[in-house]
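Here is how the chains run, residue by residue.
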Amino acid sequence: MVSLFAVASLMVASAALATEEEAINLIDSHNCRGCHKTVSKKVGPAFSDIAKKYKGEATAAATLETKILSGGRGVWGRMPMPEYKNYLTPKEAKVIVTYILSMAD
């Protein structure tokens, strides 16, 4: 029983690392770092600030996925967030958002 729990724990940890690596690859390959840094503001807000702002909000993931795919403006200042619906799938946006929101922990 203990070894079954250990295997399950490793599988969950492995999936989390794979998702984080996938998110970082997506962020880098779609030039998100052209406007965002991890812990400090650039043109857009830091990923860590986004995570803090939306921490605990039930609709945070859906809201941020929509902003990535459809664009947005006015939440973080005058600079608009361009839409990425032609470059990212909804699943890829979800991977990025999950990674960003994990920074609030």
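Model, not experiment: these values are computed from the prediction.

Enquirer: I'd like to hear about the layout of surface pockets, residue by residue, with values.
Expert: As a volume, the largest pocket reaches approximately 490 Å³. What lines the largest pocket is a set of 29 residues, among which His36, Pro45, Ile50, Trp76 and Met81 lie closest to the centre. Sorting the residues of the lining of the largest pocket by element identifies α2 (47-54), α3 (60-70) and α4 (90-102) as the ones contributing at least two each. When grouped by side-chain class, the residues that make up the lining of the largest pocket number 19 nonpolar, 6 polar and 4 charged.

Enquirer: Could you give an account of the side chain of Glu65, with specific residues and numbers?
Expert: Considering the arrangement of structural elements, one finds Glu65 in helix α3. By relative accessible area, Glu65 is classed as buried at 15%. Filtering out sequence-adjacent residues up to four positions away, Glu65 remains in contact with Ala93, Lys94 and Val97.

Enquirer: Describe the packing of α3 against α4, naming the residues involved and giving the relevant values.
Expert: Their axes nearest at 9 Å, the elements α3 and α4 cross at an angle of 125°. The pairing of α3 with α4 is recorded here as oblique in orientation. α3 and α4 meet at a crossing whose hand is right-handed. Counting all contacts with α3, which are made through Ala60, Ala61, Leu64, Glu65, Ile68 and Leu69, the residues of α4 involved are Pro90, Ala93, Lys94, Ile96, Val97 and Leu101. Here the contact of α3 with α4 is composed, by residue class, of 10 nonpolar, no polar and 2 charged.

Enquirer: Hey, could you go over α2 for me, with residue numbers and the actual values?
Expert: Among the residues making up α2, those that are buried are Phe47, Ser48, Ile50, Ala51 and Tyr54. The buried side chains of α2 occupy one side of the element, clustering within an arc of 160° when seen end-on. The first or second residue beyond α2 is Gly56, which carries a positive phi of 85°.

Enquirer: Describe the nonpolar core, with residues and values.
Expert: If you look at the biggest cluster of nonpolar residues, it comprises 19 residues, and the most contacted ones within it are Ile27, Phe47, Ile50, Ile68, Leu88 and Ile96. The set of elements that each furnish at least two residues to this core consists of α1 (2-29), α2, α3 and α4. The element that contributes the greatest number of residues to this core is α4, accounting for 6 residues.

Enquirer: Tell me about the environment of Leu101, and name the residues and values.
Expert: Relative to the helices and strands, Leu101 resides in helix α4. Leu101 sits in the partly exposed class, given a relative accessible area of 21%. Spatially, the C-alpha atom of Leu101 lies 7.9 Å from that of Ser48, the residues being 53 residues apart in sequence. Beyond its immediate sequence surroundings of up to four residues, Leu101 is in contact with Ala51, Tyr54, Ala60, Ala61 and Leu64.

Enquirer: Give me the pattern of salt bridges: which residues, what numbers.
Expert: Per the counting criterion, the structure on display carries 3 salt bridges. Across the salt bridge formed by Glu65 and Lys94, the nearest N and O atoms sit 3.6 Å from each other. Linking Glu65 in helix α3 with Lys94 in helix α4, this pair joins segments that are 29 residues apart in sequence. On the accessibility criterion, Lys94 (44% relative accessible area) is partly exposed.

The rules behind these values
Along each chain, residues carry numbers from 1 onward, in the same order as the chain's sequence is written. With the structure being a predicted model, the display of local features is reserved for residues of pLDDT at least 70 and the display and counting of side-chain atom pairs for 80 or more, all residues being used for whole-chain, interface and lining totals. By convention in this description, side-chain values take in all heavy atoms of the structure and omit both hydrogens and water. For cavity detection a 1 Å grid was placed over the protein atoms alone, and a set of points counts as a cavity when a 1.4 Å probe fits there but cannot get out; an open set counts as a pocket when protein lies on both sides within 12 Å along at least five of seven lines, with lining residues being those that have an atom within 4 Å of a point. Grid points are joined across faces, edges and corners, and a volume is the space filled by probe spheres set on the points. Counting from the N terminus, the helices are the DSSP runs of H or I reaching at least four residues and the strands are the DSSP runs of E reaching at least two. Put simply, Ala, Val, Leu, Ile, Met, Phe, Trp, Tyr, Cys and Pro go in the nonpolar bin, Asp, Glu, Lys and Arg in the charged bin, and everything else, Gly too, in the polar bin. For every residue, the accessible area (1.4 Å probe, protein chains only) is compared with the maximum for its type, and the residue is labelled buried under 20%, exposed over 50%, or partly exposed between those bounds. It only takes one pair of heavy atoms within 4.5 Å for two residues to be counted as in contact. As a rule, the C-alpha atoms of each element are fitted with a line to give its axis, helices using only the stretch in contact, and angles between N-to-C directions run from 0 to 180 degrees. Here is the rule for angles: anything less than 35 degrees is roughly parallel, anything more than 145 is roughly antiparallel, 65 through 115 is roughly perpendicular, and the remaining ranges are oblique. Left-handed is the label given to a crossing in which the near helix is rotated counterclockwise from the far helix by less than a right angle, and right-handed is the label when the rotation is clockwise. Here the arc refers to the set of directions running from the helix axis out to each C-beta atom. The set of buried Ala, Val, Leu, Ile, Met, Phe, Trp, Tyr and Cys residues whose side-chain atoms join them within 4.5 Å is what this entry labels a nonpolar core. By definition here, a salt bridge exists when the distance from a side-chain nitrogen of Lys or Arg to a carboxyl oxygen of Asp or Glu is within 4 Å.

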